[in-house]
Amino acid sequence: PATRLGLPGMIVTLRYPFSTTTISASTSTPIGILHRRSSIMASPSASDDIENLSLSAKDLFEKSFEPTTNEVTFTTVAPGRVNLIGEHTDYTGGFVLPLAIDYSTVIYGSGQLEESDSVEVDYSFVSVLKPEEVEHGKLTPENEPPSSTEGAWKWYVIGVIAQYLKDIPDATKSMTLKLAIAGNVPLGAGLSSSASLEVAVARFLECVTNKSISPKERALRCQKAENEWCQSPCGIMDQYVSSAGAKGSLLLIDCTSVEYELCQMKQPNTIALVVTNSNVKHDIAGGEYPVRVAQCKTATEALQKLYGDKISTLRSAKMEQVEGAKDFMDELIYRRAKHVVAENGRTLAAKEALEAGDWKKLGQLMNESHASMRYDYETSCEEIDILVELAQGCDGVYGARLTGGGFGGCTVTLVEAAKVEGLLAYLKAKYKEKTGKKCDCFSTSPGDGARVLN
């Protein structure tokens, strides 16, 4: 904020998932790693943000690695995401309705294929967050996921590399990678910083191997990397929208068939989506997220005892079946199943409302979704509930809810476009007043998915 205001002599240190810097208000250092639209003041465009991230990654690469002969470099980018509705449904085969956002991870680096007697990747990578720490290692098909994810962030990179070993051409059999990583997706905010990193790495590897991979296949590989190498039982949503996002469209993803369709807002200029970061952090791999996955499995097993093969996942259950099985489940397990089954219905209804421009209906569905996550799925927290209630009571707002894995993170609000500035100012002031914490707010619209910049 100091650099935006131009206050002379002010020193600000900023930290995001893979980016950190200390700058003064008079410096010419690129500010692309700043939160976009974190206040009601003007902000750079998405293309400016990406360009600045690319410059940061390139600068880090040149400082961290010695140049080699015939070195070929690539630059790839993959976005974070916001889920409009459909929360904690992806790992039970349900429906989700996310959009790719401007916050992204950029990778600048080099990759070379070389002759070898065996398949092997010699990798080195570094992030702007810790420019003094370059990770080195070798990976072969014999390597297995770690028993511990200490130093967790590196496994997101290594796990994805492991999924692409099979794409190394037989004529070469080895690969040398040098990667520099910069990003501005807030860590632990429920905007999928991990998926953004994974998909950016995957897209980079496709450049090196000259292998054409569909967005679906890329997402599945990245999901497997996170499940196995980071010990996080995530569903497919985050990686899928980061891989397949399309400017101007949300994605309705069917997590059973793993197919999607693009959904466009009717009259998008009249409506806006505002994302608010509570600045309460969460770690889905080590927290309550795996517990919810296990609870959904227990609920599925209880339904299967009554209804047999008709129930393969909670996606295939109807609400009357959940009610019919209530006496055969613990109260807690019943509420988990109730949320997931109802949320699938809300997501399909939200898609219709979105395309029809029925903002009142869409807002109602978002409000119902939050209430369900708060009371039935219990993934909200005090700060998130405050933000949602503040937004819901603000002029021009149709609906608001927790977005992402929960236990902190962000909210998403559907609001009249003309009321955005007032909403941002109101949320920032009232949240500070009620919690003593700052929140970061920005308006967003659907952006592109993973792509090659250079």
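The structure presented is a predicted model; accordingly, all values stated were derived computationally and were not measured.

Draft legend 1. Focus on the overall build of the chain. In terms of helices and strands, the chain carries twelve helices and 14 strands. Out of the 454 residues in the chain, the part that is buried amounts to 57%. Summarising the internal contacts of the chain: among those between residues at least 6 apart in sequence, 72% fall at separations of at least 24. With an accessible surface of roughly 18,500 Å², the chain has 48% of that area assigned to carbon and sulfur atoms.

Draft legend 2. Fine view of the environment of Asn184. Following the sequence through the fold, Asn184 ends up in the loop between strand S7 (173-183) and helix H4 (193-209). The class of Asn184 is buried, set by a relative accessible area of 0%. Along the chain, Asn184 and Asp102 lie 82 residues apart, while their C-alpha atoms are 9.1 Å from each other. Among the polar contacts listed, one links the side chain of Asn184 to the backbone nitrogen of Ser104, at a separation of 2.7 Å.

Draft legend 3. Main features of the pairing of strand S4 (residues 95-115). Here S4 lies mainly inside the structure; 17 of its 21 residues are buried. The pairing of strand S3 (residues 73-85) with S4 spans eleven bridges and is classified as antiparallel. When the bridges of S4 are listed, Asn83 appears paired with Pro98. Two elements, S4 and strand S8 (residues 249-254), share two bridges in a ladder whose sense is antiparallel. The partner of Phe95 across the bridge, within S8, is Asp254.

Draft legend 4. Structural detail: the packing of H4 against helix H5 (residues 215-229). Contact pair H4 / H5: the axes reach a minimum separation of 10 Å and the direction vectors enclose 125°. By the criterion of interaxial angle, the relationship of H4 to H5 is oblique. Like other packed secondary-structure pairs, H4 and H5 cross with a definite hand, here right-handed. Listed contacts from H5 to Ser194, Glu198, Val199, Ala202, Arg203 and Glu206 of H4 are Arg218, Cys222 and Glu226. Residue classes in the contact of H4 with H5 are distributed as three nonpolar, one polar and five charged.

Draft legend 5. Inspection of the side chain of His339 at higher detail. Inspection of the secondary structure puts His339 in helix H9 (residues 331-356). The class for His339 is buried, based on a relative accessible area of 0%. A distance of 2.6 Å separates the side chain of His339 from the side chain of Ser372, its partner in a polar contact. If we ignore the near neighbours within four places in the chain, the residues touching His339 are Glu87, His88, Arg346, Ser372, Met373, Asp376 and Tyr377.

Draft legend 6. Fine view of the pattern of salt bridges. Tallied over the full model, the rule gives 26 salt bridges. A salt bridge links Lys351 to Glu261, with the nearest nitrogen and oxygen atoms 3.3 Å apart. Here Glu261 lies in strand S9 (residues 259-264) and Lys351 lies in helix H9, a separation of 90 residues in the sequence. Across the salt bridge formed by Lys351 and Glu355, the nearest N and O atoms sit 3.3 Å from each other. Taken together, the residues span about one helical turn, with Lys351 and Glu355 both in helix H9 at a distance of four residues. Overall, Lys351 belongs to the buried group, its relative accessible area being 15%. Via salt bridges that share partners, Glu87, Glu343, Arg346 and Arg401 belong to a single interconnected network.

Draft legend 7. Looking closely at the packing of aromatic side chains. Within this structure, the stated rule accounts for nine aromatic pairs. Their ring planes at 90° and their centres at 5.8 Å tell us that Phe74 and Phe204 sit as a pair that is edge-to-face. Of this pair, Phe74 sits in strand S3 while Phe204 sits in helix H4, placing them 130 residues apart in sequence. With respect to class, Phe74 is no different from Phe204; both count as buried. Aromatic rings pair up to connect Phe61, Phe65 and Tyr108 into one cluster. One residue, Arg336, lies across the ring of Tyr377, its end atom 5.8 Å from the ring centre.

Draft legend 8. Summary view of helix H11 (residues 382-392). Counting buried positions over the eleven residues of H11 gives eight, a clear majority of the element. Those residues of H11 that sit buried are Glu383, Ile384, Asp385, Ile386, Leu387, Val388, Leu390 and Ala391. Buried residues in H11 make contact with strand S10 (271-277), helix H10 (359-375), strand S11 (397-403), strand S12 (410-416) and helix H12 (420-435).

Draft legend 9. Layout of the environment of Leu179. Inspection of the secondary structure puts Leu179 in strand S7. Remark: the alpha-carbon pair of Leu179 and Glu135, spanning 44 residues in sequence, is separated by 9.7 Å. If near-sequence neighbours (up to four positions away) are discounted, Leu179 is found in contact with Phe65, Ile107, Tyr108, Gly109, Ser124, Phe125, Val126, Val157 and Phe204.

Draft legend 10. How the structure looks around the nonpolar core. By size, the foremost hydrophobic cluster in this structure holds 36 residues, and its most contacted members are Val121, Leu139, Ile161 and Leu177. Counting residues per element, the ones that place at least two in this core are S3, strand S5 (120-127), helix H3 (153-163), S7, H4 and H5. Counting residues in each nonpolar core, the second largest holds 29 residues, with Val82, Ile271, Leu354 and Leu365 among its members.

Draft legend 11. Spatial organisation of the side chain of Asp385. Tracing the backbone through its elements, the reader meets Asp385 in helix H11. Setting aside its immediate chain neighbours within four residues, Asp385 contacts His370, Arg374 and Ser380.

Calculation criteria
Residues numbered from 1 in each chain as written. Predicted model: local features only at pLDDT ≥ 70, side-chain atom pairs only at ≥ 80, totals over all residues. Heavy atoms only, no water. Helix = DSSP H or I, 4+ residues; strand = E, 2+ residues; numbered from the N terminus. Buried < 20%, exposed > 50% of the residue type's maximum accessible area, 1.4 Å probe, protein only. Contact = heavy atoms within 4.5 Å. Areas by Shrake-Rupley, 256 points an atom, 1.4 Å probe, with all protein chains shown as cover. Polar contact = N/O pair within 3.5 Å; in protein donor to acceptor, adjacent residues only side chain to side chain. Pairing = 2+ DSSP bridges. Axes fitted to C-alpha atoms, helices over the stretch in contact; angles between N-to-C directions. Parallel < 35°, antiparallel > 145°, perpendicular 65-115°, else oblique. Left-handed = near helix turned anticlockwise from the far one by under 90°. Nonpolar A, V, L, I, M, F, W, Y, C, P; charged D, E, K, R; others polar. Salt bridge = Lys/Arg side-chain N within 4 Å of Asp/Glu carboxyl O. Phe/Tyr/Trp six-rings, centres within 6.5 Å; stacked < 30°, edge-to-face > 60°. Lys NZ or Arg CZ within 6 Å of the ring centre and 35° of its normal. Core = buried A, V, L, I, M, F, W, Y, C linked by side-chain atoms within 4.5 Å.

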